[in-house]
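Spelled out, the chains give:
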Amino acid sequence: MRILLVEDDDRIADPLAEDLRHQSHAVDIAADGLAGWEFAQAANYDVILLDWMLPKLDGVQLCHRLRQSGCQAYILLLTAKDATGDKVIGLDAGADDYLVKPFEVDELTARIRALSRRHPLYQSVVLKHEKIELNPSTHSVTYAEIALELTPKEYTLIEYFLRHPTQVISRGALLDKLWEFDQTSGEQTIKTHLTNLRRKLKQAGCQQDIIETVYGVGYRLSNS
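What counts as what
Residues numbered from 1 in each chain as written. Predicted model: local features only at pLDDT ≥ 70, side-chain atom pairs only at ≥ 80, totals over all residues. Heavy atoms only, no water. Phe/Tyr/Trp six-rings, centres within 6.5 Å; stacked < 30°, edge-to-face > 60°. Helix = DSSP H or I, 4+ residues; strand = E, 2+ residues; numbered from the N terminus. Lys NZ or Arg CZ within 6 Å of the ring centre and 35° of its normal. Buried < 20%, exposed > 50% of the residue type's maximum accessible area, 1.4 Å probe, protein only. Polar contact = N/O pair within 3.5 Å; in protein donor to acceptor, adjacent residues only side chain to side chain. Pairing = 2+ DSSP bridges.

Once that is clear, we can look at the packing of aromatic side chains. The geometry of an aromatic ring pair comes down to the distance between the two centres and the angle between the two planes. Scanning the entire structure with this criterion turns up one aromatic pair. A centroid spacing of 6.4 Å and a plane angle of 80 degrees characterise the contact between W52 and Y98, whose relative ring orientation is edge-to-face. Here W52, found in the loop between strand 3 (47-51) and helix 3 (59-68), pairs with Y98, found in strand 5 (residues 97-100); they are 46 residues apart in sequence, far enough to count as distant. Sitting over the face of the ring of W37, R65 holds its NZ or CZ atom 5.1 Å from the ring centroid. Over the aromatic face of W52 sits the side chain of K81, whose NZ or CZ is 5.4 Å from the ring centroid.

Turning to the side chain of D28, a few remarks are in order. Note on placement: D28 falls in strand 2 (residues 26-30). Look at D28 and you get buried, because its relative accessible area is 2%. One polar contact links D28 to R2, side chain to side chain, over a distance of 2.8 Å. A polar contact is formed between the side chain of D28 and the side chain of Y45, at a distance of 2.7 Å.

Take the pairing of strand 7 (residues 132-135) next. Every second residue of strand 7 is oriented toward a common face, the buried set being I132 and L134 and the non-buried set E133 and N135. Where strand 6 (residues 127-129) lies against strand 7, three bridges are found, and the strand directions are antiparallel. Bridge pairing links H129 to I132 in strand 7. The turn joining strand 6 and strand 7, which pair antiparallel and follow one another in sequence, is formed by two residues; a positive phi near 55 degrees is taken by E130. Pairing analysis gives four bridges linking strand 7 to strand 8 (residues 140-143), with the strands arranged antiparallel. Residue pairing in the sheet places E133 in a bridge with T142 of strand 8.

Structure, rendered in structure tokens:
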């Protein structure tokens, strides 16, 4: 998933973003509310983690503005405010969930998984295509029951294709959903990761390009 973290405290934002990246998420960080608004206008995020006490535009104001603009991302408010009235204010502004600081990273990632299960694309069911199986619960991928050792980016690529099995996916869509703004990315980056992914599938016994190139358009899952 692509996640936007709007948090002005580097001591929280940096380790949290790193942990989420290890779980194969693409994470952008905004240090204030206005920057968070600009990020949200520039990309389609699946989840927005939103601190309440932010400079320039606070989290509740940003949440309300996002919902007014039609933002469909799941929004999880992060705040030290723990009174029931505060929770009501946050949820009424459009937040989907609320987590009080300090919190354990395990609880936050569990909340993210719970939110993602509301979307049919991200339900934790085993994804299958031909002899490929991907288990979102364990972040494992096999081909003909042979485990594949994938990098986080290779995992997100194969997961994205498995969740869109009938679509031709453009390079722009892949960059938008799977890469962060500050990463060096482009068509050559996608080609490199796909080449490595295809090589690992071939080493596991796959005799065809499971992800085939549609020249001039993008990529799609192939069928034998």
